[in-house]
Amino acid sequence: MRIYPILILIQFALTKLPTNFEFGVSTAAYQIEGAWLEGGKSLSVWDNLVHSGAVIDNSTGDVAADSFHKYPEDIALMKEYGIKNYRMSVAWARIIPHGNKGTPINMQAIQHYRTQFKALLRAGIVPYVTLYHNVMPANLYINGTGYVDPDFPDDFAYYGEVCFEHFGDLVKNWFTFNEPWVQAISVSGTEEDLKDKPYKATHSILLAHAKTVEIYRKKYKPIQQGQIGIVLNTEVYYPKDPNKQSDIDAAIRGRTFQLDWYAHPLLTGDYPELMKKIVGDRLPKFTDEEKKLLNGSMDFYAFNSYFPLLAESEEYTPIGFNRDRAAKFSKDPKWRISDMDWGVYARSFYDILMFTHNTWLKNTNLEVYIAESGTAVKEPDIKSALNDMLRIDYLQTYMEEMVNAMNEGVKVTKFFVWSLLDNFEWNSGLSKKFGLVRVQYDENQKRIPKNSIAWYYALIKDFGQ
Ligand code: BGC
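Residues numbered from 1 in each chain as written. Predicted model: local features only at pLDDT ≥ 70, side-chain atom pairs only at ≥ 80, totals over all residues. Heavy atoms only, no water.

K.L.:
Explain the pairing of strand S3 (residues 126-132) to me, please; I cannot follow it from the model alone.
P.N.:
In regular strands, side chains alternate between the two faces of the sheet. Counting buried positions along S3 yields six of seven residues, so the element is predominantly enclosed. The pairing of strand S2 (residues 85-89) with S3 spans five bridges and is classified as parallel. By the bridge assignment, Tyr86 is partnered in S3 with Pro127. Two strands pair when backbone bridges link them, and S3 and strand S4 (residues 173-178) are joined in this way by four bridges, in the parallel orientation. Looking at the pairing, Thr130 lines up with Phe175 of S4. (Buried < 20%, exposed > 50% of the residue type's maximum accessible area, 1.4 Å probe, protein only. Helix = DSSP H or I, 4+ residues; strand = E, 2+ residues; numbered from the N terminus. Pairing = 2+ DSSP bridges.)

K.L.:
What should I look at first to understand the site of the ligand in this one?
P.N.:
What surrounds the ligand is the set Gln31, His133, Asn178, Glu179, Tyr306, Trp342, Glu372, Trp418, Glu425, Trp426 and Phe434. In this structure, His133 approaches the ligand through a side-chain N or O atom, which is 2.9 Å from an oxygen atom. Trp418 is positioned such that a nitrogen or oxygen atom in its side chain is 3.3 Å from an oxygen atom of the ligand. In isolation the ligand exposes 310 Å². Once the protein is present, 92% of that is buried. By residue class, the composition of the shell around the ligand is five nonpolar, three polar and three charged. (Near = heavy atom within 4 Å. Polar contact = N/O pair within 3.5 Å; in protein donor to acceptor, adjacent residues only side chain to side chain. Areas by Shrake-Rupley, 256 points an atom, 1.4 Å probe, with all protein chains shown as cover. Nonpolar A, V, L, I, M, F, W, Y, C, P; charged D, E, K, R; others polar.)

K.L.:
What is the right way to look at the side chain of Ser428 in this model?
P.N.:
Of note, Ser428 is situated in the loop between strand S13 (412-418) and strand S14 (437-440). Judged by relative accessible area, Ser428 falls into the buried class, the value being 11%. When residues no more than four places from it in sequence are discounted, the contact partners of Ser428 are Val55, Ile56, Asp57 and Met340. (Contact = heavy atoms within 4.5 Å.)

Shown next, in the form of C-alpha cells:
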C-alpha cells in the first residue's frame with residue numbers, strides 16, 4: 001500500500017463536516033470497461049465513432065482499463081484505500097442491445113452487473129449508478145436521430161425500469177443522465193437542423209429523465225427505498241471585464257445556456273425566461289403536466305464543475321445555439337492550466353456552489369453531491385504519475401472552497417473524485433490522465449496507485465471514515 005508522506009493540513013480538518021458527508025470516486029462504463037464485443041453487448045455510438053478514427057490519438061475504448069474483467073481489482077483497490085462510495089455507470093448497449101422500448105433484455109449483462117454490485121457491497125462499498133453516461137446504443141442513432149427521436153424518452157424510461165427491476169435490490173442511488181448539456185450541444189446535423197436541435201435534444205432528455213424518475217418514485221422507491229437524481233454540469237462564467245456591461249451579460253448568457261437551461265426546469269418546472277426571450281419559438285414548450293413532472297424531479301442535487309471561463313459578447317451568423325448565446329470565452333492568464341487546457345481556479349467552485357444555493361437550493365432540503373471533481377495531469381511515465389502533486393493540489397484547494405461554501409449553508413454531503421482510474425477520455429482518447437490510479441496500458445492494464453490515492457486515504461481516515 002502507498003502511504004502519503006506529508007501530514008495533511010487541510011482547512012476542513014478544522015471544520016465539523018456533517019455526519020452524512022462522504023467521500024467517493026467516480027468512473028463511467030465506456031471509459032473503463034472495454035469488452036466492447038463481449039457479454040452479448042451491441043455496438044454503441046462511441047464504438048462506431050472511435051472506429052471511424054475520430055479520436056486524437058486513434059485510441060479506442062475497446063479495452064480501456066479492462067474493468068469489465070478487472071473490476072475485482074478495482075474493488076480491492078478501493079477497499080485498501082478506504083473508499084466506501086463508488087459512482088459507476090452501466091452500459092445501455094449491454095443491457096438492452098437493441099435499445100428500444102420492449103426489446104429483449106440481455107440477461108448475461110444483468111448477471112454481470114449484479115455480480116459486480118454484490119462484490120462492491122461485500123467490500124463495504126456503496127454503488128451510485130448512472131444509467132446514461134454519454135453512450136447510446138448505436139441502433140437508437142440511426143440517421144442521427146438519437147435524442148430527438150420522439151420515442152427517446154420512452155426508450156430511456158424502459159431502460160431505466162429494467163435497471164430498477166433487476167438491480168434495485170442492490171443499488172439504492174441512481175442518476176439518470178450524466179452531463180446532459182454536453183450531449184445536447186454535441187448533436188450534429190445540417191445548418192437547418194442545428195437551428196433548434198440542441199433545444200429539442202435537451203427537451204427530450206429532460207422528459208426522459210422526468211418519466212424515469214416518476215416510474216422509480218411510484219413503482220420502485222416505496223419498496224426499494226432508494227433515491228434518484230441527475231448529474232448536471234457547468235463551467236463557471238466571469239465577465240472578462242467586470243466593469244463592462246456587455247461582458248457581464250455574456251457571462252450571464254453563458255451560464256443560462258448551460259446550467260440554468262437544466263437546473264431551472266428541474267427545480268422550478270420551466271425554462272429560464274432569458275432563454276425563452278432569446279430563443280423564442282425554437283425553444284420547445286412543456287405542457288402543464290410535464291412541468292409538474294419535472295419540477296423537483298431529483299432527490300438530491302448532483303453536479304460537476306471542472307473549470308472557469310471569462311466571457312465577452314460575440315456575434316455569430318447562422319441561427320442556432322451559438323448565435324443565441326452570443327458569447328465567446330477565454331482564460332485568465334493568472335489561472336494555472338491543466339493538461340486538458342482548462343483553467344484551474346478553486347474559488348470558482350465556491351462561486352458556483354454559492355450561486356446554485358442562493359438561486360435554487362436554499363429553500364429546499366436537497367443535499368448537494370459533487371458527482372465528479374478532478375484534473376488531468378501530464379504523466380508520460382510511471383515516475384511522473386506516482387508523484388501527482390498537481391492532482392493533490394487541485395483536489396485539496398477545490399475541497400477547501402467547497403468547505404467555505406458549506407460554512408455558508410451549502411449542504412454538500414458527497415464528494416466523488418474523477419476518477420478512480422486513468423481512462424478513455426472521450427475525444428482525447430487514452431492520452432489524458434485523470435486517475436488516482438495509473439493504468440499501464442502496455443502492461444496488461446496494470447493498476448499502479450499514485451500519491452493522490454494515498455493522500456485521499458489519509459484524508460478519509462482523518463475524518464474517521
Ligand atoms: C465527464 C467525464 C469526463 C470528465 C473529464 C466529465 O465531463 O462526465 O466522463 O471524463 O468530465 O473530461
